[in-house]
Amino acid sequence: MFLGTEQQRQTGLRHIAHLKDTHFSDKRNKVENIFDNAPDKWKTTLCFHAGLKRRHVHLPYADMTSDEQLKIIQALLSLRHFSSLLRGDFY
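My aim in this report is to walk through the structure given alongside it, one point at a time. (Residues numbered from 1 in each chain as written. Predicted model: local features only at pLDDT ≥ 70, side-chain atom pairs only at ≥ 80, totals over all residues. Heavy atoms only, no water.)

## Things to note about the overall build of the protein chain
Tallying secondary structure elements over the protein chain gives 4 helices and 0 strands in all. Written out in order from the N terminus, the α and β elements of the protein chain read α-α-α-α. The buried share of the protein chain, taken over its 91 residues, is 19%. In the protein chain, of all internal contacts separated by at least 6 residues, the share reaching a separation of at least 24 is 44%. A total accessible area of about 7,700 Å² is found for the protein chain, and carbon and sulfur atoms account for 58% of it. (Helix = DSSP H or I, 4+ residues; strand = E, 2+ residues; numbered from the N terminus. Buried < 20%, exposed > 50% of the residue type's maximum accessible area, 1.4 Å probe, protein only. Contact = heavy atoms within 4.5 Å. Areas by Shrake-Rupley, 256 points an atom, 1.4 Å probe, with all protein chains shown as cover.)

Here it is in structure tokens:
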């Protein structure tokens, strides 16, 4: 039984809907899109940098464990930071 006003109920329902969209949506996340659509050559580099095995190159992102997914995320962020340091050096 809800003890608040109808306005509070509606506000709560909007917040719940926002949380569902943000954290529990069926949409694939950005890292999953990047990894699954990358060529095998890039996946090989990414998996090597993440400390994963060769078999991970052929796995979809969703089939990896949460620890493996975290390693992929950390590797992507690390490579992004590294590439930002190189801007202007090769032009």
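Having seen it, we continue.
## Comments concerning the nonpolar core
Residues Val 31, Phe 35, Leu 46, Cys 47, Ala 50, Leu 52, Val 57, Tyr 61, Met 64, Ile 72 and Ala 75 constitute the largest nonpolar core, which totals 11 residues. Among the elements of the structure, helix H2 (30-37), helix H3 (40-50) and helix H4 (66-85) are those that each provide at least two residues to this core. For this core, the element with the most residues is H3, which contributes 3 residues. With residues up to four places along the chain from it excluded, the contact list for Val 57 reads Asp 40, Lys 43, Thr 44 and Cys 47. (Core = buried A, V, L, I, M, F, W, Y, C linked by side-chain atoms within 4.5 Å.)

## Section: the side chain of Lys 43
Relative to the helices and strands, Lys 43 is located in helix H3. Among buried charged residues, Lys 43 stands out as having no salt bridge; its nearest opposite-charge side chain is Asp 40, 4.4 Å away. Residues in contact with Lys 43, not counting those within four places in the same chain, are Phe 35, Asp 36, Ala 38 and Val 57. (Lys, Arg positive; Asp, Glu negative; His and termini not counted. Salt bridge = Lys/Arg side-chain N within 4 Å of Asp/Glu carboxyl O.)

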